[in-house]
Amino acid sequence: MSEPVQTPQTFPTRIFSGIQPSGGLTLGNYLGALKRFVQKQDEGIETIYCLVDMHAITVWQDPAKLRQQTREAAAGFIAAGIDPARSILFNQSQVSAHVELAWIFNTVARMGWMSRMTQFKDKAGKNSENVSLGLFAYPALMAADILAYKATHVPVGEDQKQHIELTRDIAAKFNNDYGVNFFPITEPVIEGAATRVMSLRDGTKKMSKSDPSDQSRINLTDDADTIARKFRKAKTDSEPLPSELEGLKDRPDARNLVNIYAALADMTPQAVIAEYAGAQFGTFKPALADLAVAKLSPITTKMSDLMQDPAEIDRILGEGATRADAIARPIVDQVYDIIGMIRSRH
């Protein structure tokens, strides 16, 4: 192969994002990710969406359950509006470029950078000596997920912003170390009224599929009655809704429900407050429940229909992986060339 060209290059706009298939999808996944993924697809930008099953195994997964959850997550993407013909949808393990580039990035990233990752500290807790090396190193794999496609933008929640900053550091160091302008400096895309959806039982904690209480979250597999019941029982306070957002400053449970309503209705939180100023939660929660059922029930139904044909889901993921590999393979091959690896196989 020829020597890498060391001239500035313009990177075409390309969006990449992924979700771990390590449990059922929730309202938080829908509002914080899927809904925005669909909007980006509809803007005509090249969009690549990945079920990051290699990330999922940083903690042990039951193999049969992992396959089931990967298919369910794919069904959720499609039911939410991702069109596999317009976006690339695949599972990470079918495209080897991700793990190949992750190893190279393990040699670029510095231990100090990785040690500062707050998500590792949160997940490992006091057990950091016993967690997998993969859990510590997975931000390098996340950087590889993004940069294997030279993605310029990544829609993320606030809690992943630090990992995008690490991706930018890795790209900049690689470019600098090898005197190339090869990788873009990826931009995080954090937008929307509910980029971080909180628990229905505790507005200070993120809505999570790992919360022991099923009442804390809305699952995308919940039926209409369950969705309505959970919202009606959601934790609130005794005060009516204020007329200004400032009035929700120290009311996390109330603010969470207003944010969820705003995101589902495509309104600003201030517009929701203006509409319901002075209303008690006995009025607001049933209205939110009705809105959520109207928006989520069609997704739940379509997911259920798709899950009846796992072979079709596997076909879609395989086709997406072929398209993803066609983009990533040449990029990783160029990386090998840049760093001095002999590439003589035919």
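Residues numbered from 1 in each chain as written. Predicted model: local features only at pLDDT ≥ 70, side-chain atom pairs only at ≥ 80, totals over all residues. Heavy atoms only, no water.

**Observations regarding the overall build of the protein chain**
The helix and strand tally for the protein chain stands at 13 helices and five strands. Against the globule reference of 20 Å for 346 residues, the protein chain gives a C-alpha radius of gyration of 21 Å, in line with a compact fold. Expressed along its principal axes, the backbone C-alpha trace of the protein chain runs to roughly 70 × 45 × 45 Å. A buried classification covers 51% of the 346 residues belonging to the protein chain. Once local pairs closer than 6 in sequence are excluded, the contacts in the protein chain between residues at least 24 apart make up 76%. Accessible area for the protein chain stands at about 16,100 Å²; split by element, carbon and sulfur atoms hold 51% of it. Of the side chains in the protein chain, 39 bear a positive and 42 a negative charge, and the two mean positions are spaced by 3 Å. (Helix = DSSP H or I, 4+ residues; strand = E, 2+ residues; numbered from the N terminus. Rg over C-alpha atoms; globule rule 2.2 N^0.38 Å. Buried < 20%, exposed > 50% of the residue type's maximum accessible area, 1.4 Å probe, protein only. Contact = heavy atoms within 4.5 Å. Areas by Shrake-Rupley, 256 points an atom, 1.4 Å probe, with all protein chains shown as cover. Lys, Arg positive; Asp, Glu negative; His and termini not counted. Charge placed at Lys NZ, Arg CZ, Asp CG, Glu CD.)

**What to know about the packing of aromatic side chains**
Enumeration over the complete set of coordinates arrives at 14 aromatic pairs. With 5.8 Å between their ring centres and 35 degrees between their planes, F37 and F77 make a pair best called tilted. Of the two residues, F37 is situated in helix α1 (residues 27–42) and F77 in helix α3 (residues 63–80); the sequence distance between them amounts to 40 residues. Residue classification places F77 among the buried residues on the basis of a relative accessible area of 0%. Ring centres of F182 and F183 lie 4.9 Å apart, and the angle between their planes is 80 degrees; this geometry places the pair in the edge-to-face category. F182 gets classed as buried once you look at its relative accessible area, which sits at 5%. Chaining the aromatic ring pairs together yields one cluster made of F105, F174, Y178, F182 and F183. (Phe/Tyr/Trp six-rings, centres within 6.5 Å; stacked < 30°, edge-to-face > 60°.)

**Topic: the pairing of strand β2 (residues 46–51)**
Burial within β2 is extensive, with five of its six residues counted as buried. Where strand β1 (residues 14–19) meets β2, six bridges bridge the pair, whose relative direction is parallel. Looking across to β2, one finds that S17 is bridged to Y49. By the bridge criterion, four bridges tie β2 to strand β3 (residues 88–91) in an arrangement that is parallel. Across the sheet, residue I48 finds its bridge partner in β3, namely I88. (Pairing = 2+ DSSP bridges.)

**A closer look at the nonpolar core**
Judged by nonpolar contacts, the single largest core of 58 residues is most densely connected at L27, Y30, F231 and F284. With ten residues, helix α12 (residues 281–306) is the single largest residue contributor to this core. If we skip the residues at most four places from it in the chain, F284 touches L241, L257, V258, Y261, V272 and Y276. Judged by nonpolar contacts, the second largest core, of 48 residues, contains L141, F183, I327 and I338. (Core = buried A, V, L, I, M, F, W, Y, C linked by side-chain atoms within 4.5 Å.)

**Quick look at the environment of G28**
Its location among the elements puts G28 in helix α1. The spatial distance from the C-alpha of G28 to the C-alpha of I260 is 9.1 Å, given a sequence separation of 232 residues. Residue contacts for G28: discarding those within four places in its chain leaves A33, V197 and M207.

**Details of unusual backbone geometry**
Although it is not a glycine, K150 adopts a positive phi angle of roughly 50 degrees. Relative to the elements of secondary structure, K150 occurs in the loop between α7 (133–147) and β4 (153–155). One non-glycine residue, D266, lies in positive phi territory at about 55 degrees. Looking at where D266 falls in the secondary structure, it is placed in the loop between α10 (252–265) and α11 (269–276).

**Overview of the confidence of the model for the protein chain**
Mean pLDDT for the protein chain: 90, with 92% of residues reaching 70 or above. Throughout residues 1–8 the model reports pLDDT below 50, and contacts reaching past four residues in sequence, or to other chains, amount to twelve contacts. (pLDDT = per-residue confidence, 0-100.)

**Considerations on the layout of surface pockets**
Quantified by volume, the second largest pocket comes out at close to 280 Å³. Looking at the second largest pocket, it is lined by 18 residues, and the ones nearest its centre are N106, L133, A137, Y138 and A140. Mapped by element, the contributors of at least two residues to the lining of the second largest pocket are α4 (97–108), α5 (111–115) and α7. Looking at which element gives the most residues to the lining of the second largest pocket, the answer is α7, with seven residues. Across the lining of the second largest pocket, the residue classes break down as 14 nonpolar, three polar and one charged. (1 Å grid on protein atoms, 1.4 Å probe; cavity = no way out; pocket = protein on both sides within 12 Å on 5 of 7 lines; lining within 4 Å. Points joined across faces, edges and corners; volume = space filled by probe spheres on them. Nonpolar A, V, L, I, M, F, W, Y, C, P; charged D, E, K, R; others polar.)

**Remarks on α1**
In an α-helix, one turn spans 3.6 residues, which is why side chains three or four residues apart end up on the same side. With 16 residues, α1 extends 21 Å from end C-alpha to end C-alpha; this agrees with the ideal 22 Å at 1.5 Å per step. The element α1 is extensively covered by neighbouring structure, given that 14 of its 16 residues are classed as buried. The first or second residue beyond α1 is G44, which carries a positive phi of 80 degrees. (Expected span 1.5 Å × (residues − 1).)

**Here's the deal with the pattern of salt bridges**
According to the stated counting rule, one finds 18 salt bridges in the structure shown. In this structure, the salt-bridge partner of R329 is E100, at a minimum N-O distance of 2.9 Å. Taken as a pair, R329 in helix α13 (residues 310–339) and E100 in helix α4 lie far apart in primary sequence, 229 residues in all. Between D237 and R251 there is a salt bridge; the shortest N-O distance is 2.8 Å. (Salt bridge = Lys/Arg side-chain N within 4 Å of Asp/Glu carboxyl O.)

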